[in-house]
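So you can see what is in the structure, the chains are spelled out below.
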Amino acid sequence: MAQHVLSTCEQPLSSLSANLPEEPLSTKTLASFISLIIVPSTPEATISSIFETLTRSLQLSRDPVVLHQTLKLLSDIASHRPNLSRLVSDSVRTHSPLSSESTRLAAESLDVLASIAERDGTLVELDDRSFVSLCFGPSVSIRSWLLRNAERFSIGPYVLLTLFLGFTKDPYPYVRKISLDGLVGLSKAGDIEDPGMIQGCYCRAVELLRDMEDCVRSAAVRAVSAWGLILVASNPEAKLHWSDDLFVKLCSMGRDMSMEVRVEAFDALGKIQMVSEHILLQTLSKRVLGITKEMRSLGQCPAEQFEILASSMAGVLVHGLEDEFYEVRKSACHSFRTLTIISAEFAGKALDLLMDVLNDDSIFVRLQALETMLYMATFGHLKVQGTHMHMFLGTLTDSNMIIRSSTRKILKLVKLPNIELFRLFVDGLIESLEKHPQDEAGIFSALFHIGRNHGKFVVSIINKVSEEVEPASEGKLGFDSARVAALLVLAISAPLSHKQLACSIPPRIFSYAVTLLGRISAALTDVMSQDALLTYLTRCSRSTRFSATEFNFREADPGLHVIDIPNSTSDEINDTVGTPLQQEEEHGTSKLQSWTMMETMEVAAPLVGYQLEAHHEVMEAMNLILSKVKVIWPLILSGFTNEVLRTLRSFKEELAAFTSESLGSGGAVAFTLQYLRVMKQLAKVWEHFLPAKKLCSSGIGELDLVLGKLDIGLRELRRRFTGLSLEQELQILELILLSCTLRLCKVEICCHFASLKKLSATLSDVDSILKSGYIEPSNFVSEVGKLLCLIGTSGSGTSCSPFLFKELLKHFSLKQFVLCGRLDQVRAELVVPDNDSENPLHFVSRLPVGIPCKITLHNIPSENKLWLRMTTDDESTQFVFLDLNLFGSSAEVREFTYVVPFYRTPNAISFALRVCLGMECFFEDVSCVKRYGGPERELTYLCQEKEVYLSMII
């Protein structure tokens, strides 16, 4: 098809090149260029000829339609041919009407320039006067576009502030909304420091809280929150005054008629970290409390206005939890997180409301309520009472696995005041185990942690039920009983709570627990290894004098993660957290050391958010996040892309607490983060395949671009992690099959044959895994296999109809990804010592130069093929093969220095070189990439590009 287009279009190009000065191009001629530009196989000479033709058209034509199409084609050239992007930019700058006489064409020209600059990592230099002039043009759509894209141009912050404040009074609501969003962007940049201007932005946003349009009020809430928080931070002496004022203003929007506005209001309330207690309590009472006089501190307004404010605040959080839309209820639950830390009295009353929310119809709301309780428990503000037990324990037997898992996390941190509540918790966990035996590992872990935190209660219970764990009269052990197994786990946790409790548990109990060693150790991977557990149980079963505090777990397992429990003198055991592994260098090697139970430690401060280092539950936390991704899959199918992207961003915020390498699960965290990136791109791609979705603003190559990002993400997911099981690898392969299928569904997607070939190769990899015999193929995999067989036997192109591939999408269902075992990330670090723009390397033009690179490799075996890619500013690229056999053993971490030769030094005084390290993908088709002197297959890049500066002047 591409060759046919070339043959029909090359002849007109030659005639156009000669006759264009006398006759501008027509729209029909311009339309014929589209296929040539987006087809990769089009010769460079043809593209250059098209570029020259378009440049002349831009210079000569005055037809707005022709100019619009010309600019679009130039943008496509810059996107598909990066080596011509600078020439395109110069051409648009020179010949395009960047003036207020034609604001639409000026905006389109700026869009082209900004797109090119973003790919180069720069900004478009546009003087403030020209930008302001364009903003005051007659076209509302152009004005909106300019204000929305102002950050893409190097406009001064105070000029932007003036524009945004001015256009918040524009008669068109969408312009007011964009202006408010612009003010929010300025607040994040932190360029405005003048106190008067900060207060002015805040007050202007407060005025727009009463706007008639929903979208404007929603944007106003965000602006009030952003500038209000800055106002609070910049006024230390009046911090409480402004924080109270901000809180009251946001509460007034909690009953807005628009659902979106209410969600924004409760989201904003959750960001406030300081509020007067009497104001907080008013939000939980629908009856107006006697706080009018106390609220006088908010300003000089009349008492009547304060009464109105008090009425708007009365029970606003209660109304949020009772809202008809689950989005509002979820947001209201989230707002309680920080507010419960401010006041203990508020936290106690809020807990009563959150317990009722556990009966909500929406799983999203119930999950948010549990996550808020987890946050409260982490800070020691979760005081569970007997009145809460029915609702709280009901979640332990909920039909949803995520709900049950979230509840168990809370139980591990909660403090119980008496043995009656403790017994109810234990019975609830045992009932959950009997109903959901698949949760055994999580329930055992919860029993162990809650028992360790309440050792005296455990001893009391075990002494009363000890007969249940004893063998029957005929000597038969009943350890296959879920209740007996749970009691054994609870019993062995008691000695870890208090050194005097070791003698209170009969030694034979520890002997019985040895029979469940595999099941118990699988649940306690966050505390100790199986070898350490066996040693601990063995010693405890030998003597009643043995104390767990005398047991050195370091000797049992040098790499053990253990958590020290300080002595307790009361039934209410103090909350404790673990100490992360410490590393120290010894003789050039990394030696891991951990605290043992013999060592005394201070109780660390409570953790923030989802950071669960205290209990070493990184793997469980990652699986919880991955299970949430499975839950939002129906939203992707339904086209709620914005909601999905917002949810994925919140998942990434959760992951931010687990980025420390000291956790020992860096590979799992990195894998989860990459999986979220893949889901983000998949959601963006799926939006293009919805029948009712109209993407009018999308460029011709936008879908191809997003699919390319999806392919890169899947390649990294498969290639940059070791330790994946066959089931996990099969799930990644299914996602690759889905990506190929999506490409084949669209007619305009290029490289149809290459996509079909990759689909077939990936299916072969799937078949090799399925041959193991114990994994069943999914319905989607089976249907893909059937279609490929049909295509292979038909021998005609009719079987490759996009409609057939689109039918395959109906059979795909996202499976929950479950991490197990250890994952290691394949990565590298590349540094060029003593090199920056002030200290460039010396070179001689046209002669090779050596680039000294300090390279550190992590988890990369020697059989892998590594390549150093070096790219100049003009996109000239050179590859250098890195033979790992020349650099020592294949240890997990290898560090060496290698001088990389670069042969293509330009005829210039200085230049910059971008260097990156990539690994050849052995599973890619050899013929898919053709580079002379470079890798045969696609590369997976293992580090960020490093910019190297070179100069001929010493």
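Residues numbered from 1 in each chain as written. Predicted model: local features only at pLDDT ≥ 70, side-chain atom pairs only at ≥ 80, totals over all residues. Heavy atoms only, no water.

Undergrad: Can you walk me through the overall build of the protein in this structure?
TA: Secondary structure assignment for the protein yields 40 helices and 13 strands. Burial status across the protein gives 53% buried among its 954 residues. Here the analysis covers contacts within the protein between residues at least 6 apart in sequence; of these, 72% occur between residues at least 24 apart. Split by element, the accessible area of the protein, about 43,000 Å² in all, is 53% carbon and sulfur. (Helix = DSSP H or I, 4+ residues; strand = E, 2+ residues; numbered from the N terminus. Buried < 20%, exposed > 50% of the residue type's maximum accessible area, 1.4 Å probe, protein only. Contact = heavy atoms within 4.5 Å. Areas by Shrake-Rupley, 256 points an atom, 1.4 Å probe, with all protein chains shown as cover.)

Undergrad: I'm lost on the sheet that holds strand E5 (residues 827-831) in this one. Help?
TA: Sheet strands pair via backbone hydrogen bonds, and the direction of the pair is either parallel or antiparallel. Read across the open sheet, the 3 strands follow the order E5-E7-E10; overall the sheet is antiparallel. The open sheet terminates on both sides in strands that have one partner only, identified here as E5 and strand E10 (893-902). Across the sheet, the axes of successive neighbouring strands diverge by a mean angle of 25 degrees, strand direction being ignored. Alignment of strand E7 (residues 849-858) against E10, held across 10 bridges, turns out to be antiparallel. Bridge pairing links Leu857 to Arg894 in E10. (Pairing = 2+ DSSP bridges. Axes fitted to C-alpha atoms, helices over the stretch in contact; angles between N-to-C directions.)

Undergrad: Even after reading the chapter, I still don't get the packing of helix H13 (residues 214-233) against helix H15 (residues 259-269), so can you show me in this structure?
TA: A pair of packed helices is characterised by two quantities: the angle between their axes and the separation of those axes. The interhelical angle for the contact between H13 and H15, taken along N-to-C directions, is 5 degrees, at an axis separation of 9 Å. Looking at the two axes, H13 sits roughly parallel to H15. Of H15, the residues touching H13 (which contributes Asp214, Arg217, Ser218, Val221, Arg222 and Ser225) are Glu260, Val261, Glu264, Ala265 and Ala268. Class assignment for the residues of the contact of H13 with H15 results in 4 nonpolar, 2 polar and 5 charged. (Parallel < 35°, antiparallel > 145°, perpendicular 65-115°, else oblique. Nonpolar A, V, L, I, M, F, W, Y, C, P; charged D, E, K, R; others polar.)

Undergrad: Looking at this structure, I do not really get the environment of Phe167. What am I missing?
TA: Here Phe167 shows up in helix H10 (residues 157-167). We classify Phe167 as buried; its relative accessible area is 6%. Taking the C-alpha atoms as reference points, Phe167 and Lys177, 10 residues apart in sequence, are found 9.2 Å from one another.

Undergrad: So what exactly am I meant to see when it comes to the pairing of strand E8 (residues 866-872) here?
TA: Each regular strand shows side chains that alternate between the opposite faces of the sheet. Counting buried residues in E8 gives 7 out of 7 residues, a clear majority hidden from the surface. What sits between E8 and strand E9 (residues 877-882) in their antiparallel hairpin is a turn of 4 residues, with Glu875 showing a positive phi close to 65 degrees.

Undergrad: Could you clarify how one ought to interpret a nonpolar patch on the surface in this entry?
TA: A surface patch of nonpolar side chains, about 300 Å² in accessible area, is lined by Ile909, Met952 and Ile953. Mapping Ile953 onto the fold places it in the segment after strand E13 (946-951). Relative accessible area serves as the criterion here: at 59%, Ile953 is assigned to the exposed category. (Patch = residues over 30% accessible without salt bridge, like charges linked within 9 Å, V, L, I, M, F, W, Y side chains within 5 Å. Salt bridge = Lys/Arg side-chain N within 4 Å of Asp/Glu carboxyl O.)

Undergrad: How should I be thinking about the packing of aromatic side chains in this particular structure?
TA: Each aromatic ring pair is characterised by the separation of its centres together with the angle its planes make. Within the structure shown, the criterion is met by 19 aromatic pairs. Relative to Phe167, the ring of Phe136 lies with its centre 5.1 Å away and its plane at 40 degrees, an arrangement referred to as tilted. Here Phe167 lies in helix H10 and Phe136 lies in the loop between helix H8 (128-135) and helix H9 (140-148), a separation of 31 residues in the sequence. Look at Phe136 and you get exposed, because its relative accessible area is 58%. Judged by centre distance (5.6 Å) and plane angle (70 degrees), the ring pair of Trp633 and Phe812 falls under edge-to-face. Pair noted here: Trp633 is in helix H33 (residues 633-638) and Phe812 is in the loop between helix H40 (802-808) and strand E4 (824-825), with a separation of 179 residues, a long-range link. Overall, Trp633 belongs to the buried group, its relative accessible area being 5%. (Phe/Tyr/Trp six-rings, centres within 6.5 Å; stacked < 30°, edge-to-face > 60°.)

Undergrad: In this structure, what is going on with the side chain of Ser335? I would like to understand it.
TA: Position of Ser335 relative to the elements: it lies in helix H19 (residues 326-342). Non-local contacts of Ser335, meaning those with residues more than four positions away in its chain, are made with Phe266, Leu269, Gly270 and Leu317.

Undergrad: Help me out: how do you make sense of helix H35 (residues 666-686) in this one?
TA: Helical geometry: 3.6 residues make up each α-helical turn, so side chains three or four residues apart lie on a common side. Spanning 21 residues, H35 covers 30 Å between terminal C-alpha atoms, matching the ideal 30 Å at 1.5 Å per step. Extensive coverage of H35 is indicated by the burial of 17 of its 21 residues. (Expected span 1.5 Å × (residues − 1).)

Undergrad: Honestly, the pattern of salt bridges in this entry has me stumped. Any pointers?
TA: Side chains carrying opposite charge are able to pair once their charged atoms draw close together. Under the defined criterion, the tally for this structure stands at 35 salt bridges. Across the salt bridge formed by Lys177 and Asp181, the nearest N and O atoms sit 2.9 Å from each other. With Lys177 and Asp181 both in helix H11 (residues 173-189) and 4 residues apart, this pair spans about one turn of that helix. What makes Asp181 partly exposed here is its relative accessible area of 25%. Here Arg869 ties to Glu945 by a salt bridge, and the two come within 2.2 Å at their closest N and O atoms. Of this pair, Arg869 sits in strand E8 while Glu945 sits in the loop between strand E12 (939-941) and E13, and the two are 76 residues apart along the sequence.

Undergrad: Looking at this structure, I do not really get the confidence of the model for the protein. What am I missing?
TA: Segments scoring low in pLDDT should not have their predicted coordinates read at a detailed level. In this model, the protein carries an average pLDDT of 77, and 79% of its residues clear a pLDDT of 70 or more. By mean pLDDT, the top-scoring element of the protein is H15 (93), and the lowest-scoring one is strand E2 (residues 589-593) (29). Note that residues 544-616 has pLDDT below 50 and, in this model, 158 contacts with residues that lie over four places away or in other chains. Here residues 926-930 is a poorly scored stretch, pLDDT under 50, and it has 8 contacts once near neighbours within four places are set aside; other chains count. (pLDDT = per-residue confidence, 0-100.)

Undergrad: Whenever I open this one, the nonpolar core confuses me. Can you help?
TA: Note that soluble globular proteins tend to have their nonpolar side chains buried in a common cluster. Phe131, Met373 and Phe425 are the most contacted members of the largest nonpolar core, which has 178 residues in total. The greatest single-element share of this core, amounting to 10 residues, is contributed by H13. Sequence-distant contacts of Met373, that is, excluding residues within four places in its chain, are made with Leu351, Leu354, Met355, Leu358, Leu382, Phe392 and Ile410. Ranked by size, the runner-up nonpolar core spans 68 residues in total, among them Val678, Leu690, Leu733 and Leu738. (Core = buried A, V, L, I, M, F, W, Y, C linked by side-chain atoms within 4.5 Å.)

Undergrad: What is the right way to read the environment of Thr387 from this model?
TA: Topologically, Thr387 is positioned in the loop between helix H21 (363-378) and helix H22 (389-394). Along the sequence, Thr387 and Met355 sit 32 residues apart, while their C-alpha atoms lie 9.6 Å from each other.

Undergrad: How should helix H27 (residues 482-493) be read in this particular structure?
TA: In this model, H27 (12 residues) spans 17 Å end to end at C-alpha, consistent with the 16 Å of a helix rising 1.5 Å per residue. Burial runs high along H27: 10 of the 12 residues are buried. Among the residues making up H27, those that are buried are Val484, Ala485, Ala486, Leu487, Leu488, Val489, Leu490, Ala491, Ile492 and Ser493. Contacts made by the buried residues of H27 are with helix H24 (419-435), helix H25 (440-453), helix H26 (455-469), helix H28 (507-514), helix H29 (517-523) and helix H30 (530-542).

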